[in-house]
Amino acid sequence: MLLQDLGNIGEFVGALGVVVSLVYLARQMIQNTKSIRAASFNSMVENSIRLSEHSFRDSEFSTFLVRAQTDPEGLTPEERLRWDSYMTAVYRHFGNLQYAHRVGTLDPEMWTAYKATLKDHLRTPSWADWFLENRNLFSESLGAQVDVTLVELAADRAALEA
């Protein structure tokens, strides 16, 4: 065997090692992406729970929330601040969920479920009114999603009345 033959074998083995390394790295990146998506989803669920947790752990907040939803004009200045803060947090959460869906870190099935939750909230007139009065605080894409949802709700109501 010539020295050149040994060199060719060495090049082949080296190239094979590079290919094996690239395949391994690609598999690791796929696994890492899945882990990041899972962590991101977990964070979104935790945020959802934190936002709703007050209503089932704190009866005073539950009473306030019912009053704010049914008669936001009757709130005291302190309660109005609380309502505004709560609504800002909730709509920021929906904006974050929408962004996560758009960039591919939120599964489409989960985004559909969150859109249904948004739609359920927007059935309450005070939720829709609050957003429309404060839409400048949020992304245009969230505003567009709320607009689409409000059109759907109007169509649902019209269908029920027909």
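Below you will find a few notes about this structure. (Residues numbered from 1 in each chain as written. Predicted model: local features only at pLDDT ≥ 70, side-chain atom pairs only at ≥ 80, totals over all residues. Heavy atoms only, no water.)

### Here's the deal with a nonpolar patch on the surface
Consideration 1: Where nonpolar side chains cluster on the molecular surface, the patch consists of Ile9, Phe12, Val13, Leu16 and Val20 and spans about 490 Å² of accessible area.
Consideration 2: Secondary-structure assignment places phenylalanine 12 in helix H1 (residues 3–57).
Consideration 3: Residue classification places phenylalanine 12 among the exposed residues on the basis of a relative accessible area of 57%. (Patch = residues over 30% accessible without salt bridge, like charges linked within 9 Å, V, L, I, M, F, W, Y side chains within 5 Å. Areas by Shrake-Rupley, 256 points an atom, 1.4 Å probe, with all protein chains shown as cover. Salt bridge = Lys/Arg side-chain N within 4 Å of Asp/Glu carboxyl O. Helix = DSSP H or I, 4+ residues; strand = E, 2+ residues; numbered from the N terminus. Buried < 20%, exposed > 50% of the residue type's maximum accessible area, 1.4 Å probe, protein only.)

### Description of the side chain of glutamine 145
Consideration 1: On the secondary structure map, glutamine 145 appears in helix H6 (residues 140–161).
Consideration 2: For glutamine 145, a relative accessible area of 15% translates into the label buried.
Consideration 3: Beyond its immediate sequence surroundings of up to four residues, glutamine 145 is in contact with Gln98, Trp111, Lys115 and Leu118. (Contact = heavy atoms within 4.5 Å.)

### A short note on the nonpolar core
Note on soluble globular proteins: their nonpolar side chains tend to be buried together.
Consideration 1: Judged by nonpolar contacts, the single largest core of 27 residues is most densely connected at Trp83 and Tyr91.
Consideration 2: Those elements that place two or more of their residues in this core are helix H2 (59–70), helix H3 (77–102), helix H4 (108–122), helix H5 (125–134) and H6.
Consideration 3: Looking at this core element by element, the count peaks at eight residues for H3.
Consideration 4: When residues no more than four places from it in sequence are discounted, the contact partners of tyrosine 91 are Leu118, Leu122, Trp127, Ala128, Trp130, Phe131, Phe138, Leu142 and Val146. (Core = buried A, V, L, I, M, F, W, Y, C linked by side-chain atoms within 4.5 Å.)

### Details of the packing of aromatic side chains
Consideration 1: Considering all chains together, one arrives at 10 aromatic pairs under this definition.
Consideration 2: Residues tryptophan 83 and tryptophan 127 carry aromatic rings whose centres are separated by 6.4 Å and whose planes lie at 90° to one another, so their mutual orientation is edge-to-face. With a gap of 44 residues between them, tryptophan 83 in helix H3 and tryptophan 127 in helix H5 connect regions that are remote in the sequence.
Consideration 3: Assessed through its relative accessible area of 1%, tryptophan 83 is described here as buried.
Consideration 4: Grouped by ring-pair contacts, the aromatic residues Phe61, Phe64, Trp83, Tyr86, Tyr91, Trp127, Trp130, Phe131 and Phe138 constitute a single cluster.
Consideration 5: Here arginine 82 stacks its cationic end above the ring of phenylalanine 64, 4.9 Å away from the centre of that ring. (Phe/Tyr/Trp six-rings, centres within 6.5 Å; stacked < 30°, edge-to-face > 60°. Lys NZ or Arg CZ within 6 Å of the ring centre and 35° of its normal.)

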